[in-house]
Amino acid sequence: MSEKFALDIQGLSVALPESADRALAIENMNLQVRPQEIVCIVGESGSGKSVTALSIMGLLPHALRATHGAIHVAGENVLTAAAAVCGNCAATAWP
């Protein structure tokens, strides 16, 4: 992870519940955003835009889970931080 990025997503995969129509909402996503850069994510309904945003904020619902990768915001891995800080929250990155 380079400190020059405000947001650095590397290899992110997010699993859907077993009852879903597919196994993953996001598969091996990579994205880097520099400070003061504006990025717009567009795609069809169900393509993972909202799951990406929830992952970045550390607010994945319990039914979804990040299975691979890292999300660094200002140098801190959001996925591991959310689990450590929000272990008893209603929504966390890790169940």
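Rules of the game
Residues numbered from 1 in each chain as written. Predicted model: local features only at pLDDT ≥ 70, side-chain atom pairs only at ≥ 80, totals over all residues. Heavy atoms only, no water. Buried < 20%, exposed > 50% of the residue type's maximum accessible area, 1.4 Å probe, protein only. Helix = DSSP H or I, 4+ residues; strand = E, 2+ residues; numbered from the N terminus. Arc of directions from axis to C-beta. Core = buried A, V, L, I, M, F, W, Y, C linked by side-chain atoms within 4.5 Å. Contact = heavy atoms within 4.5 Å. Polar contact = N/O pair within 3.5 Å; in protein donor to acceptor, adjacent residues only side chain to side chain. Pairing = 2+ DSSP bridges.

Digging into helix H1 (residues 49–57)
Part 1 of the reasoning: Every buried residue of H1 is accounted for by Val51, Thr52 and Ser55. Along the axis of H1, the buried positions cluster into a sector of 105°, meaning they face one direction only. Across H1 from its buried face, at more than 90 degrees, point the exposed residues Ser50 and Met57.
Part 2 of the reasoning: Once H1 finishes, Gly58 follows within two positions and takes phi at roughly 75°, a positive value.

Section: the nonpolar core
Part 1 of the reasoning: Formed by 17 residues in total, the largest nonpolar core has its most connected members in Leu12, Val14, Ile26, Val51 and Ile71.
Part 2 of the reasoning: When residues of this core are traced back to their parent elements, those giving at least two are strand S1 (7–15), strand S2 (24–33), strand S3 (65–73) and helix H2 (78–85).
Part 3 of the reasoning: A total of 5 residues in this core trace back to one element, the largest contributor, which is S2.
Part 4 of the reasoning: Every residue in contact with Ile71, bar those within four places of it in the chain, is listed here: Leu7, Asp8, Ile9, Leu12, Ser55, Ile56, Glu76, Asn77, Val78 and Leu79.

Brief notes about the side chain of Ser13
Part 1 of the reasoning: Inspection of the secondary structure assignment puts Ser13 in strand S1.
Part 2 of the reasoning: A polar side-chain atom of Ser13 sits 2.9 Å from the main-chain amide nitrogen of Asn28.
Part 3 of the reasoning: Discounting residues that sit within four places of it in the chain, Ser13 has contacts with Ile26, Glu27, Asn28, Arg65, Ala66, Thr67 and His68.

Brief notes about the pairing of S1
Part 1 of the reasoning: With 8 of 9 residues buried, S1 is to be regarded as a mostly interior element.
Part 2 of the reasoning: Summarising the sheet, S1 and S2 pair through 6 bridges and their orientation is antiparallel. Directly across from Asp8, in S2, lies its bridge partner Gln32.
Part 3 of the reasoning: Where S1 meets S3, 7 bridges bridge the pair, whose relative direction is antiparallel. Note on S3: the bridge partner recorded for Ile9 is Ile71.

Quick look at the side chain of Ser55
Part 1 of the reasoning: Its location among the elements puts Ser55 in helix H1.
Part 2 of the reasoning: Residue class for Ser55 comes out buried when judged on its relative accessible area of 1%.
Part 3 of the reasoning: Excluding anything up to four places from it in sequence, Ser55 contacts Leu12, Val14, Leu60, Ile71, Val78 and Leu79.

Some details on the environment of Ala6
Part 1 of the reasoning: Mapped onto the secondary structure, Ala6 falls in the segment before S1.
Part 2 of the reasoning: Between the C-alpha atoms of Ala6 and Val73, which are 67 residues apart in sequence, the distance is 5.7 Å.
Part 3 of the reasoning: Excluding its chain neighbours within four sequence positions, the residues that come into contact with Ala6 are Val33, Arg34, Pro35, His72, Val73 and Ala74.

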